[in-house]
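For reference, the chains in residue letters:
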Amino acid sequence: MTSTVPGALPRPELPAGASAAFAGPGARRGSGLGITQENLLLTRALDAVHAGDLETAQALIDNNEHSPVTLGDVFRLYQSELETRAQQLAESQLRVERSLDWFAHLFRALPVAALLVDGQGLIVDTNACAVDELGLAAALRALRLPMRRLLADPTDELRLARLQLQLRDGGSVALDDVALTTPDGRPRWADVRVSRVPAADGAPGGQLFLYVLNDRTARVEAQHARDAAKLAEQRRDVAEAASRAKTDLLSRVSHELRTPLNAVIGFSHLMLTGPQPLDANGQRRLQLIQQAGQHLLALVDEVLQINRAEAGMLVLDAKPVPLLQLAHDAVAMHEPMARELALTMAVEGDPALPGAPVALADSRRTWEVLVNLVSNAVKYNRRGGWVRISAGQDDHSVWLAVADGGLGMTAEQAEHLFEPFNRLGADRLGVAGHGLGLSIARAQVLAMSGELSVVSTQGEGSRFLLRLPRA
């Protein structure tokens, strides 16, 4: 029966000097066997031990009776080789572990976002840069995140899946400017390069892919900003061209309307004051014609004012304007209308006192704005109501407020208050007007670098606030 050595290994190379080290005490330089023969015998016996055939190894030693080599020497050499092999394997494993640690550290420290994705498309690992750029910290604490969740365009998922099929034999593929969406909804863009890497233990399907994302968000957002600016510039050019066309049309139409309107008004006046007086019915008709013509002429003038303000063509003469004095004059002007409605009108403050607010504005335009505000406060009031005007100033501006206890407005009505020709249903109240006064007033205030705003409550009244640069 042949004896075997458990776990026998393939025969390694015989170490140099092994025959001298294991020659044994009976070896003599002058014996019948030379060093070469001893090496040959030791090698053959060691081969037999490696093969697990102890009987053959013993027979080789017994058949060379002059040999100083014993079976114990062979076993000691075999043990030495096993120990050497074990030490080499341990050193090799240590080197591999160090290499793996080094590559893992390199993966974590890459200055670009890197993700490991398995064959099912799940993210199995990321580096620090990917966590920061894509905001993955919270998402990865739960379940494995599918790579498709980061793709903003569903077609990119199909493109990447097709490209991964090309990586069966290794290599890498790339996609430029892929649109991404972070788990918290932030848009990102990146150039994506995908490489096939050896699968880790337990990777589904034995597939593992390295996704390297070179961030291009800043570049793409800058391009989007340039495109938006270019589009805005094109829209501005179109709007300016339309505005110029509208200005030219309104100027021509207004000019053409003013001539016949002046003729109508003039001839109606001549007929009323002519040497042949008309009867009462005829005079009444002519007066209606004259009033209608004057109304249309005033409407043309107001449309032209809006047009000039929008085109930046208002001629302004900026100088110190005492707001409280203008307010007292406006109240005095509307006193007869206020008496008819039994309104109480008051101006808080004395324009003659030192420190009264003085605006740096066009006096005529400011007067027109203030007259419009006071007139509306009276017209849209209730019988027995009130109108109060106050003024003040701060470091850079002066303000004047016109408040009333009249009808007031809803929030929706206030949003459309400054739109031309929008009377907000006031025509049903029987109040005269055509819906241009406040739109003209705001255009004039803006032209003087000021602001005109309103706060109103339906059924309680309104408060208009005029703010202008301080003189």
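Residues numbered from 1 in each chain as written. Predicted model: local features only at pLDDT ≥ 70, side-chain atom pairs only at ≥ 80, totals over all residues. Heavy atoms only, no water.

## A few points about the overall build of the chain
Line of reasoning, step 1. Within the chain, the regular secondary structure consists of 14 helices and 12 strands.
Line of reasoning, step 2. Counting only residues that meet the buried cut, the chain has 34% of its 471 residues in that class.
Line of reasoning, step 3. About 27800 Å² of surface is accessible on the chain, with carbon and sulfur atoms providing 55% of the total. (Helix = DSSP H or I, 4+ residues; strand = E, 2+ residues; numbered from the N terminus. Buried < 20%, exposed > 50% of the residue type's maximum accessible area, 1.4 Å probe, protein only. Areas by Shrake-Rupley, 256 points an atom, 1.4 Å probe, with all protein chains shown as cover.)

## Considering the packing of aromatic side chains
Line of reasoning, step 1. Tallying each qualifying case throughout the model produces 0 aromatic pairs.
Line of reasoning, step 2. Across the ring face of Trp386, the terminal group of Arg388 is positioned such that the distance to the ring centre comes to 3.8 Å.
Line of reasoning, step 3. Cation over ring: Arg442 sits above Phe418, and NZ or CZ is 3.8 Å from the ring centre. (Phe/Tyr/Trp six-rings, centres within 6.5 Å; stacked < 30°, edge-to-face > 60°. Lys NZ or Arg CZ within 6 Å of the ring centre and 35° of its normal.)

## A few points about the sheet that holds strand β2 (residues 123–126)
Line of reasoning, step 1. Spatially, the 5 strands line up as an open sheet ordered β2-β1-β5-β4-β3, and their pairing is antiparallel. In this open sheet, the two edge strands, each paired with only one partner strand, are β2 and β3 (172–181). Here the average twist between neighbouring strands, direction ignored, is 30°.
Line of reasoning, step 2. Judged from the 3 bridges that link them, strand β1 (residues 113–118) and β2 form a sheet pairing that is antiparallel. Each bridged residue has a counterpart across the sheet, and for Leu115 the counterpart in β2 is Thr126. (Pairing = 2+ DSSP bridges. Axes fitted to C-alpha atoms, helices over the stretch in contact; angles between N-to-C directions.)

## Re the sheet that holds strand β11 (residues 451–457)
Line of reasoning, step 1. Spatially, 5 strands are ordered β7-β9-β10-β12-β11 in an open sheet, and the strand pairing comes out mixed. The open sheet has two edge strands with one neighbour each: β7 (344–347) and β11. Strand-to-strand twist of the sheet, defined as the mean angle between neighbouring strand axes without regard to direction, takes the value 15°.
Line of reasoning, step 2. Note: β11 against strand β12 (residues 461–469), 7 bridges, orientation antiparallel. Its bridge partner lying in β12, Ser453 is registered against Leu465.

## Some remarks on the confidence of the model for the chain
Line of reasoning, step 1. With 80% of its residues at a pLDDT of 70 or more, the chain has an overall mean of 79.
Line of reasoning, step 2. For residues 1–34, every residue scores under 50 in pLDDT, and the model assigns this stretch 60 contacts once sequence neighbours within four places are set aside. (pLDDT = per-residue confidence, 0-100. Contact = heavy atoms within 4.5 Å.)

## Concerning helix α3 (residues 54–62)
Line of reasoning, step 1. Restricting attention to buried positions, one finds in α3 the residues Leu54, Ala57, Leu60 and Ile61. Looking down the long axis of α3, one finds its buried residues gathered within 125° of arc, a one-sided arrangement. (Arc of directions from axis to C-beta.)

## Brief notes about the packing of helix α10 (residues 323–333) against helix α12 (residues 363–379)
Line of reasoning, step 1. Where α10 contacts α12, the axes come no closer than 10 Å and their chain directions differ by 45°. Relative to α12, the element α10 is oriented oblique. Note that α10 runs across α12; the crossing there is right-handed. Contacts from Leu323, Leu326, Ala327, Asp329, Ala330 and Met333 of α10 reach α12 at Thr366, Trp367, Leu370, Val371 and Val374.
Line of reasoning, step 2. Residue composition of the contact of α10 with α12, grouped by class: 9 nonpolar, 1 polar and 1 charged. (Parallel < 35°, antiparallel > 145°, perpendicular 65-115°, else oblique. Left-handed = near helix turned anticlockwise from the far one by under 90°. Nonpolar A, V, L, I, M, F, W, Y, C, P; charged D, E, K, R; others polar.)

## Things to note about the packing of α12 against helix α14 (residues 437–447)
Line of reasoning, step 1. Where α12 meets α14, the axes come as close as 9 Å, and the angle between the chain directions of the two elements is 145°. Here α12 and α14 pass one another in a crossing that is left-handed. Contacts between α12 and α14 involve Arg365, Glu368, Val369, Asn372, Leu373 and Asn376 from the first element and Gly437, Leu438, Ala441, Gln444 and Val445 from the second.
Line of reasoning, step 2. Classifying every residue of the contact of α12 with α14 gives 5 nonpolar, 4 polar and 2 charged.

## Points about the side chain of Ser390
Line of reasoning, step 1. Along the polypeptide, Ser390 turns up in strand β9 (residues 386–393).
Line of reasoning, step 2. Contact partners of Ser390, with chain neighbours within four places excluded, come to Glu348, Trp399, Leu400 and Ala401.

## A short note on a nonpolar patch on the surface
Line of reasoning, step 1. A cluster of nonpolar side chains, contributed by Leu249, Val253 and Leu257, occupies part of the molecular surface with about 250 Å² of accessible area.
Line of reasoning, step 2. On the secondary structure map, Leu257 appears in helix α8 (residues 217–273).
Line of reasoning, step 3. A relative accessible area of 40% means that Leu257 is categorised as partly exposed. (Patch = residues over 30% accessible without salt bridge, like charges linked within 9 Å, V, L, I, M, F, W, Y side chains within 5 Å. Salt bridge = Lys/Arg side-chain N within 4 Å of Asp/Glu carboxyl O.)

## Brief notes about the pattern of salt bridges
Line of reasoning, step 1. Applying the stated criterion across every chain, the model contains 11 salt bridges.
Line of reasoning, step 2. Each of the salt bridges in this network shares a partner with another, and the network as a whole consists of Glu233, Arg236 and Asp237.

## Section: unusual backbone geometry
Line of reasoning, step 1. Here Asp177, not a glycine, exhibits a phi torsion of approximately 50°, which is positive.
Line of reasoning, step 2. With respect to the element layout, Asp177 can be found in strand β3.

## What about α10?
Line of reasoning, step 1. Among the residues of α10, Leu323, Leu324, Leu326, Ala327, Ala330 and Val331 are the ones counted as buried. The buried residues of α10 occupy one face: seen down the axis, they fall within an arc of 155°.

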